[in-house]
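These are the residues of each chain, in order.
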Amino acid sequence: MLSYAGVDNSHFLEACTLCSKPLGHNTDIFMYRGNNPFCSQECRQEQIEIDEAREKRWKIAKKSRTKTKVQTGTLVVA
Ligand SMILES: [Zn+2]
């Protein structure tokens, strides 16, 4: 992504991140996490929920992996 920063900088606000609706100069743009533009609060909110769900799944996956490791250790000791 960094390699495109210089080339595509003028394009990054052209469309909604979620629904790809074109964003004009006179339209309201809702920013999220610095560089993700959205056409509406609804689109931005949906992206926030998607991100939160993804982070939650990742945390649960990490937690269950740790648990499995501990159980295996206990098994070896017993
Ligand atoms: Zn949108």
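Here is what the cut-offs are and how they apply
- Residues numbered from 1 in each chain as written.
- Predicted model: local features only at pLDDT ≥ 70, side-chain atom pairs only at ≥ 80, totals over all residues.
- Heavy atoms only, no water.
- Helix = DSSP H or I, 4+ residues; strand = E, 2+ residues; numbered from the N terminus.
- Buried < 20%, exposed > 50% of the residue type's maximum accessible area, 1.4 Å probe, protein only.
- Contact = heavy atoms within 4.5 Å.
- Areas by Shrake-Rupley, 256 points an atom, 1.4 Å probe, with all protein chains shown as cover.
- Donors = N, O, S within 2.8 Å, 3.2 Å for Na, K, Ca; no water.
- Tetrahedral: all angles 85-135°; square planar, octahedral: opposite > 155°, others 65-115°.
- Phe/Tyr/Trp six-rings, centres within 6.5 Å; stacked < 30°, edge-to-face > 60°.
- Salt bridge = Lys/Arg side-chain N within 4 Å of Asp/Glu carboxyl O.

> It is not clear to me how the overall build of the protein chain should be interpreted in this structure. Could you clarify?
For the protein chain, the helix and strand inventory stands at two helices and two strands. Along the chain direction, N to C, the helices and strands of the protein chain fall in the order α-β-β-α. Burial status across the protein chain gives 13% buried among its 78 residues. Considering only intrachain contacts with a sequence separation of at least 6, the fraction spanning at least 24 residues in the protein chain is 16%. Surface summary for the protein chain: the accessible area is close to 6800 Å², and the carbon and sulfur share equals 57%.

> Explain the coordination of the zinc ion to me, please; I cannot follow it from the model alone.
Ideal values for angles at a metal depend on the geometry: 109.5 degrees with four tetrahedral donors, 90 or 180 degrees with six octahedral donors. Those donors, Cys-16 (SG), Cys-19 (SG), Cys-39 (SG) and Cys-43 (SG), are the protein atoms that reach the zinc ion, and they lie 2.3 Å from it. Considering all four donor atoms around the zinc ion, angles at the metal cover 104 to 114° and the coordination shape is tetrahedral. Judged by its relative accessible area of 41%, Cys-19 falls in the partly exposed class.

> I tried to follow the packing of aromatic side chains on my own but got confused; where do I start?
Any pair of aromatic rings gets described here by the distance separating the centres and the angle formed by the planes. Applying the stated rule across the entire model yields one aromatic pair. Measuring from centroid to centroid gives 6.2 Å for Tyr-32 and Phe-38, while their planes differ by 55°, and the two rings are tilted. Judged by relative accessible area, which is 12%, Tyr-32 ranks as buried.

> I'm lost on the pattern of salt bridges in this one. Help?
Here the idea is simple: oppositely charged side chains can pair when their charged atoms come close. For the coordinates displayed, the defined rule picks out three salt bridges. The closest approach of N and O atoms between Arg-33 and Asp-51, which form a salt bridge, is 3.3 Å. Taken together, the residues span a long stretch of sequence, with Arg-33 in the loop between strand E1 (30–32) and strand E2 (36–38) and Asp-51 in helix H2 (residues 41–77) at a distance of 18 residues. As a salt-bridge pair, Asp-51 and Arg-54 come within 3.3 Å of each other at their nearest N and O atoms.

> Help me understand the environment of Gln-47, please; the structure alone is not making it clear to me.
Residue position: Gln-47 is located in helix H2. Once residues within four sequence positions are removed from consideration, Gln-47 is found in contact with Thr-17, Leu-18, Tyr-32 and Phe-38.

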